[in-house]
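Okay, here's what each chain looks like letter by letter:
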Amino acid sequence: MQVLEGSDARASLTRSFNEIPVPDSVLARIEKTFGEALTPQQVVERILADVRERGDDALRDWTERLDGSRPEALAVSADEIAAATVEPELHDAIRLAIARVRDFYGQQPAHGFLNHGPDGALGQLVRPLGRVGVYVPGGLAPLISTLIHTAVPAQVAGVPDIVVTTPPGKDGRINPAILVAARELGIREVYRVGGAQAIGALAYGTASIGAVDKIAGPGNLFVVIAKRLVYGQTGIESLPGPTETLVLADDSADARHVAADLLAQAEHLGAEPVLVSNSRELLIKVQAELNGQLEALPEPNRTWARDSVATRMKVVLAATLDEGLELSNLYAPEHLCLLTRDPWSLLGKVQRAGGVFIGEYSMEALGDYVAGPSHVMPTGGTARFASPVNVRDFQNIISVVGLNEATLRRIGPAGAVLARAEGLEAHARAIESRLDDGTRIQEPDGSKIL
């Protein structure tokens, strides 16, 4: 285990959001599938262009080619949704997660304001988006929680029309847990299509799938590229890439918990676990725990986690916890876990993070499911300027200006001066035309137009 300190640690944790690294295995799979060497972006561009041109037929062809099944009916029927069942324990967990996420976002201020004062009225209208598409990954496992953590904030925002796209299995069916969650959420539109082709359908619309105002939800490399390419045609909530967790721990932390929290994220493909501590002894203990807990994981989780730990894990020895927090703010992690003697005393110093998980009873893994806040959080350093999925992601904010004559006379001349400073004479004249009977309109040289 290489331990970084000082300037080496800062350099290792300094990053910007660039192209997502492409493993050689992905490039090899692309060449095998397409018969030529293509970049992921070239693959996505081909798929999006085809979906835009051929609609449903392209969706069926690409689903057959990439997912191994050809869905003649892209929409999941109401009967199939109604008939879906899961074990009672899982069903109860789905209901609990929905309730807790809904309760959390129900507390987020989501309304506008309109202030009437001496100047007239100024305010904001807040209106829900009309139609939102939720992408739910389903390649390795059905991400039930992603559906809940994305759809519920949209529902709280008041979005009337939410649709779900998710890849089918080899048998052409959608995992019943996804359908049960959709039913519990009251979502009636579910489509058996995934990957870049699903993003294209949501952005451009097809005969079966109506275009949406915004696409939300994480996905693999091809989904993220597709979301980036269709932005402008439709909105996107973010470009969530490989997950990351930074654990800040001191000598009071239980090495078992630290290792468990790191591995909980490391088992995601492409994940980047980061450990920062001011205790070298703890780092040594965590290394031993990581080795033991890795071996105890079943396959393929063990292989996925081992790859993340071996190739992308960063271990940093900080002089103090304050320095550790400075490094965390520099890194801007998706998840920041505080496993220290007094974690609440550090919260005020957190400046950049998608979410903060405080103390040993608030593990990030719990946040992925039933804590309350959405687990769709900014990655790749974008927590410097982006936020987790929330109610505002699914609303339009419209400015309202309704000033009175007295206010126009008081502030209008300054507006005209600014307009002329920017070379926009018509702007200035539009203001001055209301200030009197037109006698105050002036040429740029100062002479009046009567």
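No experiment lies behind these values; they were computed from the predicted model shown.

A. The arrangement of the sheet that holds strand E5 (residues 161–166) in detail. Spatial strand order, E6-E5-E4-E7-E8: 5 strands in an open sheet with parallel pairing. Sheet topology places strand E6 (189–192) and strand E8 (235–236) at the edges, where each strand pairs with a single neighbour.

B. Quick peek at a nonpolar patch on the surface. On the surface, Leu122, Val401, Leu403 and Ile411 cluster together into a nonpolar patch covering about 350 Å² of accessible area. On the secondary structure map, Leu403 appears in strand E14 (residues 395–403).

C. Spatial organisation of the packing of helix H11 (residues 255–266) against helix H12 (residues 280–296). Between H11 and H12, the least distance of the axes is 8 Å, while the angle of their chain directions is 55°. Classified by the angle their axes make, H11 and H12 are oblique. Here H11 and H12 pass one another in a crossing that is right-handed. Together, Ala255, Arg256, Val258, Ala259, Ala260, Leu262 and Leu263 of H11 and Leu282, Lys285, Val286, Glu289, Leu290, Gln293 and Leu294 of H12 make up the contact between the two elements. Within the contact of H11 with H12, the residues separate by chemical class into 10 nonpolar, 1 polar and 3 charged.

D. Structural context of helix H2 (residues 24–34). When we look at burial in H2, the residues that qualify are Val26, Ile30 and Phe34. Seen along its axis, H2 keeps its buried residues to an arc of 50°; they face one direction. Among the exposed residues of H2, those pointing more than 90 degrees away from its buried face are Asp24 and Lys32. Positioned one or two residues after H2, Gly35 has a phi angle of 75°, which is positive.

E. A look at the packing of helix H16 (residues 405–421) against helix H17 (residues 425–432). Direction vectors running N to C along H16 and H17 enclose 165°, while the axes themselves pass 8 Å from each other. By the angle class used here, H16 and H17 are roughly antiparallel. Both H16 and H17 take part in a crossing whose hand is left-handed. The segment H16 lies against H17, with Leu408, Gly412, Gly415, Ala416, Ala419 and Arg420 engaging Glu425, His427, Ala428, Ile431 and Glu432. Broken down by class, the residue content of the contact of H16 with H17 amounts to 5 nonpolar, 3 polar and 3 charged.

F. Structural detail: the pattern of salt bridges. With the rule as written, the count across this model stands at 28 salt bridges. Put simply, Arg256 and Asp254 hold a salt bridge, and the shortest N to O gap is 2.6 Å. Residue Asp254 is classed as partly exposed on the basis of its relative accessible area of 25%. Put simply, Arg420 and Glu432 hold a salt bridge, and the shortest N to O gap is 3.0 Å. One end of the pair, Arg420, is in helix H16; the other, Glu432, is in helix H17, with 12 residues separating them in the sequence. Owing to a relative accessible area of 9%, Glu432 belongs among the buried residues under this scheme. Linked by salt bridges that have partners in common, Asp50, Arg54, Asp57, Arg60, Asp61, Glu64, Arg70 and Glu72 make up one network.

G. Structural context of the nonpolar core. Grouped together as the largest cluster of nonpolar side chains are 39 residues, with contacts concentrated most on Leu147, Ile148, Ile187, Val190 and Phe394. Elements with a minimum of two residues in this core: helix H6 (88–105), strand E4 (131–135), helix H7 (144–157), E5 and helix H8 (176–185). Once residues within four sequence positions are removed from consideration, Phe394 is found in contact with Pro128, Leu129, Val132, Thr150, Pro153, Ala154, Ala157, Val159, Ala216 and Val389. Ranked by size, the runner-up nonpolar core spans 32 residues in total, among them Val193, Leu202, Ile215 and Ala226.

H. Summary view of helix H9 (residues 195–204). Counting buried positions over the 10 residues of H9 gives 9, a clear majority of the element. Listed as buried for H9 are Gly195, Ala196, Gln197, Ala198, Ile199, Gly200, Ala201, Leu202 and Ala203. In the core, the buried residues of H9 are packed alongside helix H3 (40–54), helix H4 (56–67), E4, E5, strand E7 (214–216) and helix H10 (221–230). At the C-terminal side of H9, Gly205 shows a positive phi close to 80°.

Reading the values: the criteria
Residues numbered from 1 in each chain as written. Predicted model: local features only at pLDDT ≥ 70, side-chain atom pairs only at ≥ 80, totals over all residues. Heavy atoms only, no water. Pairing = 2+ DSSP bridges. Helix = DSSP H or I, 4+ residues; strand = E, 2+ residues; numbered from the N terminus. Patch = residues over 30% accessible without salt bridge, like charges linked within 9 Å, V, L, I, M, F, W, Y side chains within 5 Å. Areas by Shrake-Rupley, 256 points an atom, 1.4 Å probe, with all protein chains shown as cover. Salt bridge = Lys/Arg side-chain N within 4 Å of Asp/Glu carboxyl O. Axes fitted to C-alpha atoms, helices over the stretch in contact; angles between N-to-C directions. Parallel < 35°, antiparallel > 145°, perpendicular 65-115°, else oblique. Left-handed = near helix turned anticlockwise from the far one by under 90°. Contact = heavy atoms within 4.5 Å. Nonpolar A, V, L, I, M, F, W, Y, C, P; charged D, E, K, R; others polar. Buried < 20%, exposed > 50% of the residue type's maximum accessible area, 1.4 Å probe, protein only. Arc of directions from axis to C-beta. Core = buried A, V, L, I, M, F, W, Y, C linked by side-chain atoms within 4.5 Å.

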